[in-house]
Amino acid sequence: MKSVLPVVAISILLAFIGCSTVNQTDKLNYSNVVFIDSTDTQTDIVRKAATVRPSDKQLTWQKYELTAFFHFGVNTFTGREWGTGDEDPAIFNPTDLDVEQWVKTMKDAGFKLAILTAKHHDGFCLWPSEQTEHSIKNSPYQDGEGDLVREFTDACKKYGMKAGIYLSPWDMNHPTYGDSPAYNEVFRQQLTELLSNYGPIDEVWFDGANGEGPNGKVQEYDFPSYYKLINELQPNAVIAIMGPDVRWVGTETGYGRLTEWSVVPTDGTTIDKVAAESQNQVSFAPKKDLRGEDLGSREVIKDASGLVWYPAETDVSIRQGWFFHEDQEPKSLEKLLDIYVSSVGRNGVLLLNVPPDKRGRIHESDSLVLAEFGKVINEVFSNNLINGAEVSGDGKGLHTLLDDDFDSYWTTESESDTTATLEFTAESPVQFNTVQLQEYITLGQRVESFVVEYWSENEWKVAGEGTTIGYKRILHFDPIISSKIRLRITSSRLNPRLSSFGLFSMPEFKSAL
Ligand code: FUL
């Protein structure tokens, strides 16, 4: 239901990044946005694309990998997916609410950040907002004294979970909705309440779903003013979906693209405008529909006027709906593993929705599968079966591929070496069905294609192949036994840089996509 609106790029200062532990000779300029000049050749454009890097907060967010969504509100009690805005607040009455249970369940399953629907499209606020009567303060919950945003942020602090806020711009209840300046002010006030009173907020999620308000009017959102406010109040928060820092992957299935570039084109904003507004926010519009199959290949960026780091968030619900419904079941462990490989393992961050039920608890069947999921991911990916192998081949920093340190990386001898072959020889044969690769995206995304092969019956056979790697790329296939594995990088925008290489053994599951 999301639409694609202007993208706003973040911090514009051209950062000259110091180099890694390995490569001390890199003298390129890096920033999370780059402009293409009319004199730039195709080679220049590709080279520029390779220097676009995440901002610090985008990089921090990417490393969370697993993030959670809690859809909870009047819809939980009406059984709807979208409310109407004229619900009686009295229906909001969880009988056994335990927000700590929500947060602890996700934390134990390995999730690093959780987002609460503070206000969904119906306009009902889970905190006692001064901007509306359609809120928890007029519900029976704690005799109108309750504040779920408080309970949620307190629970996050207690369990070491980062907190995020979903605030729907679309508000079917508020009388000012559609009266654009007035509602924009109401919305900014709500943001101010949420971002001033509850401690650190690390993600603000603006939904693209949009429709009419109670008067049948459509609102024109003043997004730049919302972004400015967020940057003032919570500068470390990434702004997602209808925002500059994180993009919607384009589906709600949990499956990202096989080719997922975090660097995508923007429209033509001039350097002068950037300079003038560098302390605020600058509007960029993506050149293409963000739901397309290919957002960033050479073909797509070839006539861009600018390029920006805009990584994918892959959202999906553990149940069919976003809100809890008695007659729906959570997804199976196998399905969640497939989703993991197809989201985190395709250069995305997974945003998994787990809707609390009418009691105000995560249902036992959801907790059970989440606990299994967390255990499997932790056990599988903490056991790199190729650890201790001898690494040989092109480039420098070979040993860093197996050292478990994201910040040390392997790269080729010179910037113009864009292909390479690396070989891993284990002391004895290993059985694996999963390969995981990581690019050192702190300095950008570059790899365009790669092949993983294993030595068997006196020849190299293909285990799996792919295009982009990005922060994490996972390939899953039928079990293979071999003691010699090689990685061939067959194309890269500039010298490829890899932080890690691993072989793992996952439980069997059938991939849907
Ligand atoms: C959509 C909304 O319309 C759904 O209700 C849900 O909140 C989902 C995450 O985003 O656009």
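None of these values were measured; they are calculated from a predicted model.

Asks: Any chance you could break down the overall build of the protein for me, citing the residues and the numbers?
Replies: Looking only at helices and strands, one finds eleven helices and 20 strands in the protein. Looking at the protein residue by residue over its 513 residues, the buried ones come to 61%. Of all intrachain contacts in the protein linking residues separated by at least 6 positions in sequence, the fraction that spans at least 24 positions is 77%. Split by element, the accessible area of the protein, about 19400 Å² in all, is 48% carbon and sulfur.

Asks: Any details on the side chain of Asn184? Residues and values, ideally.
Replies: With respect to the helices and strands, the residue Asn184 is situated in helix 6 (residues 180-196). There is a polar contact of 2.5 Å between the side chain of Asn184 and the side chain of Tyr226. Apart from residues lying up to four places away in sequence, Asn184 is in contact with Gln219, Glu220, Tyr221, Asp222 and Tyr226.

Asks: Now, about the site of the ligand: what can you tell me, with residues and values included?
Replies: Looking at the ligand, there are 13 residues lining it, with His71, Trp82, His120, His121 and Asp207 nearest. Contact between the ligand and His121: an oxygen atom at 2.9 Å from a side-chain N or O atom of the residue. Within the side chain of Tyr166, a nitrogen or oxygen atom sits 3.5 Å from an oxygen atom of the ligand. Contact with the protein chains covers 98% of the free accessible surface of the ligand, which is 290 Å².

Asks: Residue-level account of the pattern of salt bridges, with values.
Replies: Taken as a whole and judged by the stated rule, the model has 29 salt bridges. Glu415 serves as the salt-bridge partner of Arg47, at 2.2 Å between the closest nitrogen and oxygen. Residue Arg47 is found in helix 1 (residues 42-49), and its partner Glu415 is found in the loop between strand 15 (410-411) and strand 16 (420-439); the two are separated by 368 residues along the sequence. The partner of Glu260 in a salt bridge is Arg257, with the nearest N and O atoms 3.0 Å apart. Of the two residues, Glu260 and Arg257, both sit in the buried class. In the salt-bridge network here, residues are joined through shared partners; they are Asp37, Asp40 and Lys48.

Asks: Kindly report on the packing of helix 4 (residues 99-108) against helix 5 (residues 148-159), identifying the contributing residues and their values.
Replies: Two elements in contact, helix 4 and helix 5, have axes separated by 9 Å at closest approach and are oriented at 40°. Taken together, the axis directions place helix 4 and helix 5 in an arrangement best described as oblique. Two packed elements cross with a definite hand, and for helix 4 against helix 5 that hand is right-handed. For the pair formed by helix 4 and helix 5, the contact residues are Val99, Glu100, Trp102, Val103, Lys104 and Lys107 on the first element and Leu148, Glu151, Phe152, Ala155, Cys156, Lys158 and Tyr159 on the second. Within the contact of helix 4 with helix 5, the residues separate by chemical class into eight nonpolar, no polar and five charged.

Asks: Go over the layout of surface pockets with me, naming the residues and quoting the values.
Replies: The method is simple in principle: a probe with the dimensions of a water molecule rolls over the atoms, and the space it marks as empty is what remains. Of the pockets and cavities examined, the largest pocket occupies roughly 700 Å³. Around the largest pocket sit 30 residues that line it, and Glu65, Phe381, Ser382, Gln436 and Lys472 are the ones nearest its centre. Looking at the lining of the largest pocket, the elements that each hand over two or more residues are helix 11 (364-381), strand 16 and strand 20 (497-504). Taken together, the residues that form the lining of the largest pocket break down as twelve nonpolar, eleven polar and seven charged.

Asks: Which residues make up unusual backbone geometry, and what are the values?
Replies: The backbone of Gln142 shows a phi angle near 50°, a positive value even though the residue is not glycine. Residue Asp143 is not a glycine yet carries a positive backbone phi of 50°. Examined against the element boundaries, Asp143 turns out to sit in the loop between strand 4 (113-119) and helix 5.

Asks: Describe the sheet that holds strand 9 (residues 263-266), and please don't skip the residues or the numbers.
Replies: Read from one edge to the other, the open sheet built from three strands follows the order 2-11-9, with strand pairing classed as antiparallel. The outermost strands of the open sheet, each flanked by one partner alone, are strand 2 (33-35) and strand 9. With strand direction ignored, the average angle separating the axes of adjacent strands in the sheet is 25°. Looking at chain direction, strand 2 and strand 11 (residues 306-309) are connected through three bridges and run antiparallel. Bridge pairing in strand 11 places Phe35 opposite Gly306.

Asks: Got a sec to walk through the packing of helix 10 (residues 333-343) against helix 11? Specific residues and values, please.
Replies: Following both chains from N to C, one finds helix 10 and helix 11 inclined at 50°, their axes separated by 10 Å at the closest point. When the axis of helix 10 is compared with that of helix 11, the two are oblique. Crossing geometry of helix 10 relative to helix 11 is assigned as right-handed. Contacts between helix 10 and helix 11 involve Leu333, Leu336, Leu337 and Tyr340 from the first element and Val369, Glu372, Phe373, Val376, Ile377 and Phe381 from the second. Within the contact of helix 10 with helix 11, the residues separate by chemical class into nine nonpolar, no polar and one charged.

Asks: Report on the nonpolar core, specifying residues and quantitative values.
Replies: With 80 residues, the main nonpolar core has Phe111, Leu191 and Phe206 as its most contacted residues. Looking at this core, the element that brings in the most residues is helix 11, giving seven residues. Discounting residues that sit within four places of it in the chain, Phe206 has contacts with Leu167, Pro169, Phe187, Leu191, Phe223, Tyr226, Tyr227, Ile230, Ile239, Ala240, Ile241 and Met242.

Cut-off values and rules
Residues numbered from 1 in each chain as written. Predicted model: local features only at pLDDT ≥ 70, side-chain atom pairs only at ≥ 80, totals over all residues. Heavy atoms only, no water. Helix = DSSP H or I, 4+ residues; strand = E, 2+ residues; numbered from the N terminus. Buried < 20%, exposed > 50% of the residue type's maximum accessible area, 1.4 Å probe, protein only. Contact = heavy atoms within 4.5 Å. Areas by Shrake-Rupley, 256 points an atom, 1.4 Å probe, with all protein chains shown as cover. Polar contact = N/O pair within 3.5 Å; in protein donor to acceptor, adjacent residues only side chain to side chain. Near = heavy atom within 4 Å. Salt bridge = Lys/Arg side-chain N within 4 Å of Asp/Glu carboxyl O. Axes fitted to C-alpha atoms, helices over the stretch in contact; angles between N-to-C directions. Parallel < 35°, antiparallel > 145°, perpendicular 65-115°, else oblique. Left-handed = near helix turned anticlockwise from the far one by under 90°. Nonpolar A, V, L, I, M, F, W, Y, C, P; charged D, E, K, R; others polar. 1 Å grid on protein atoms, 1.4 Å probe; cavity = no way out; pocket = protein on both sides within 12 Å on 5 of 7 lines; lining within 4 Å. Points joined across faces, edges and corners; volume = space filled by probe spheres on them. Pairing = 2+ DSSP bridges. Core = buried A, V, L, I, M, F, W, Y, C linked by side-chain atoms within 4.5 Å.

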